[in-house]
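# Working through the structure, step by step
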Amino acid sequence: MKIKLPDNVKMILDRLHRAGYEAYAVGGCVRDSILGRVPGDWDITTNALPEDTKKLFKRTIDTGIEHGTVTVMVDKEGYEVTTYRIDGKYEDSRHPSEVTFTKSLTEDMKRRDFTINAMAYNEEEGLIDRFGGLEDIKERVIRCVGNPKERFSEDALRIMRAVRFSAQLDYRIENETREAITELAETLNKISAERIQTELVKLLLSDHPEKLMTAYELGITKVIMPEFDKCMDTPQNNPHHMYNVGEHIVKSVQNIRADKLLRLTMLMHDMGKADTISIDNDGICHFYGHAKVSEDIAGNIFKRLKFDRDTMDRACNLIRYHDDRFPATPRNVRRAMNRIGNDFPLYIEVRYADTLAQSQFARDEKLKLIDDTFNLYQEIIEKKEAVTIKDLAVNGKDLMGAGVSQGKEIGRVLKAMLEDVLDDPGHNSKDYLLEPERLRSFLEGSD
């Protein structure tokens, strides 16, 4: 098997080889090259000690020298070069307490997570595959190197990585590896929120976000997001639905494009249903007020997993309004644009994904309503109709010039003006808004 190595990688390998050392491209870059994917980065492993590597290259950075890693800079690109090593005891289910350098590539490979990530390559020797990684690629299997309990005990984050790779590659997880995940899922409590967040987002943005169900089946979501497990226990006996809440959530995530904000929104949009379910005398399930409760739950999840504020605020806003439905009239759409804000187009996408994850009941009518709403939105944008205070033909300075007192009065009058203009965009002119009698009515209405 031949892999085309980038020129910079070939140069680093060649220089190490000329100095008498072994060196290989290793890990994910080899896996991705075999799969015909473009590697995100190229890692190199060698029997050269870090200080030996540093002597061979002009520009290096000690990115993890205590663990044998030196970053070699070529132009503006960085390439991690790591000495073969054997990891010591993992005391925190994440990092080895110490590492021992070794001269054996096989010993180094033994500590890696999955067989598909435990392959090495250079042009002289070709593919080095001592744990069946190539076969597992052919069989589309995620399998631990060696004993899966040992691998997951060393680094609990590998539990989530197994599901994430399964989602990105659409591979199944081998049975012994699955069993070890189920047994050790609780150890994810030892992993930092930031690491959990990263793996969760990668899973959601994959081509197969429905592998979230694998995380549920193996007990992972019970640890990292118990709110989802509650949804899996919540039925939706309702003409509008055909799945339980958790299954509906997963279907809705599948139905929306691979955008971080949108997929997180769909993941959490109905999480409040578990806490708001009521069943009427006919056995029909209702979820009154679930959008607000879902927003609150989402906020807690975002904080717990240390998401950035912008993602949290925008997703929570979409969750708050995800179930807003109204007749498709220009006035209603203008008011919805004002209410929902700049992410109104994303709200439309959320409505589509949500609807397509429901039953066939009235689906055509629902989708037509969404289409009509979006068409009106586009018309409003094209006509540049006012939907926010900053869109008004007047501003605070104009009001002060017309005798309105500074301070809160200005804001109240502008708000009253916007209410008028949202109903009739033809009123958005200085002449109309500042006409003395009308201005007086805005003042009185703002009291």
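As a starting point, this report considers the structure included with it. (Residues numbered from 1 in each chain as written. Predicted model: local features only at pLDDT ≥ 70, side-chain atom pairs only at ≥ 80, totals over all residues. Heavy atoms only, no water.)

### Brief notes about the overall build of the protein chain
If you tally the helices and strands in the protein chain, you get 24 helices and 13 strands. Here the C-alpha radius of gyration of the protein chain, 29 Å, is well above what a compact globule of 447 residues would show, namely 22 Å. Each principal axis of the C-alpha atoms in the protein chain carries an extent, and together these give about 90 × 60 × 40 Å. Pairs at least 24 apart in sequence give 63% of the contacts found in the protein chain among residues at least 6 apart. For the protein chain, the accessible surface area stands at approximately 21300 Å², while carbon and sulfur atoms represent 47% of it. Distance from the positive charge centre (67 side chains) to the negative charge centre (79 side chains) of the protein chain: 3 Å. (Helix = DSSP H or I, 4+ residues; strand = E, 2+ residues; numbered from the N terminus. Rg over C-alpha atoms; globule rule 2.2 N^0.38 Å. Contact = heavy atoms within 4.5 Å. Areas by Shrake-Rupley, 256 points an atom, 1.4 Å probe, with all protein chains shown as cover. Lys, Arg positive; Asp, Glu negative; His and termini not counted. Charge placed at Lys NZ, Arg CZ, Asp CG, Glu CD.)

### Considering the pattern of salt bridges
For side chains bearing opposite charge, pairing can occur when the charged atoms are close. This structure, assessed with the given rule, holds 39 salt bridges. A salt bridge links Arg 140 to Asp 170, with the shortest nitrogen-to-oxygen separation between them at 4.0 Å. Of the two residues, Arg 140 sits in the loop between helix 5 (133–139) and strand 10 (141–142) while Asp 170 sits in the loop between helix 7 (157–169) and strand 11 (172–173), which places them 30 residues apart along the sequence. Given the relative accessible area of 30%, Asp 170 is considered partly exposed. In this structure, Glu 217 engages Arg 178 in a salt bridge whose closest nitrogen and oxygen atoms are separated by 3.7 Å. Taken together, the residues span a long stretch of sequence, with Glu 217 in helix 10 (residues 212–217) and Arg 178 in helix 8 (residues 175–184) at a distance of 39 residues. (Salt bridge = Lys/Arg side-chain N within 4 Å of Asp/Glu carboxyl O. Buried < 20%, exposed > 50% of the residue type's maximum accessible area, 1.4 Å probe, protein only.)

### Things to note about the environment of Pro 39
Among the secondary structure elements, Pro 39 is positioned in the loop between helix 2 (28–34) and strand 2 (43–46). Note: C-alpha distance between Pro 39 and Met 400 (361 residues apart in sequence) is 60 Å. Setting aside its immediate chain neighbours within four residues, Pro 39 contacts Cys 29, Asp 32 and Ser 33.

### Details of the packing of helix 14 (residues 260–268) against helix 17 (residues 309–321)
At a minimum axis separation of 9 Å, helix 14 and helix 17 run at an interaxial angle of 50°. Of the possible angle classes, the one that applies to helix 14 and helix 17 is oblique. Both helix 14 and helix 17 take part in a crossing whose hand is right-handed. Facing helix 14, whose interface residues are Lys 260, Leu 261, Leu 264, Thr 265 and Met 268, helix 17 presents Thr 311, Arg 314, Ala 315, Leu 318 and Ile 319. (Axes fitted to C-alpha atoms, helices over the stretch in contact; angles between N-to-C directions. Parallel < 35°, antiparallel > 145°, perpendicular 65-115°, else oblique. Left-handed = near helix turned anticlockwise from the far one by under 90°.)

### With respect to the side chain of Ser 206
Considering the arrangement of structural elements, one finds Ser 206 in the loop between helix 9 (193–204) and helix 10. Owing to a relative accessible area of 5%, Ser 206 belongs among the buried residues under this scheme. Ser 206 has contacts with Ala 167, Gln 168 and Arg 263, leaving out every residue within four places of it along the chain.

### Structural notes on unusual backbone geometry
One non-glycine residue, Asp 75, lies in positive phi territory at about 55°. Counting through the fold element by element, Asp 75 comes out in the loop between strand 4 (69–74) and strand 5 (77–83). On the accessibility criterion, Asp 75 (62% relative accessible area) is exposed. Notably, Lys 384 is not glycine yet its phi reads approximately 55°, a positive angle. On the basis of relative accessibility, which here comes to 73%, the residue Lys 384 falls in the exposed class.

### Quick look at helix 17
Every α-helix winds through 3.6 residues per turn, so residues three or four apart in the chain are directed the same way. An ideal rise of 1.5 Å per residue puts 18 Å on 13 residues; helix 17 measures up with 19 Å between its terminal C-alpha atoms. When we look at burial in helix 17, the residues that qualify are Thr 311, Met 312, Ala 315, Cys 316, Asn 317, Leu 318, Ile 319 and Tyr 321. Of the surrounding elements, those touching the buried residues of helix 17 are helix 14, helix 16 (290–304), helix 18 (330–340) and helix 19 (344–356). At the N-terminal boundary of helix 17, the capping side chain belongs to Asp 308, with an oxygen 3.3 Å from the backbone nitrogen of Asp 310. (Expected span 1.5 Å × (residues − 1). Polar contact = N/O pair within 3.5 Å; in protein donor to acceptor, adjacent residues only side chain to side chain.)

### Some thoughts on the sheet that holds strand 4
The strand order across the open sheet built from 7 strands is 3-4-5-2-1-8-9, with neighbouring strands paired in mixed fashion. Each edge of the sheet is formed by a strand with only one pairing partner; in this case those strands are strand 3 (60–64) and strand 9 (126–129). Between one strand axis and the next, the sheet turns through 35° on average, direction left out of account. Bridge analysis of strand 1 (residues 23–26) against strand 2 gives 4 bridges, and the strand direction is antiparallel. Counted as the bridge partner of Ala 25 is Ile 44 from strand 2. (Pairing = 2+ DSSP bridges.)

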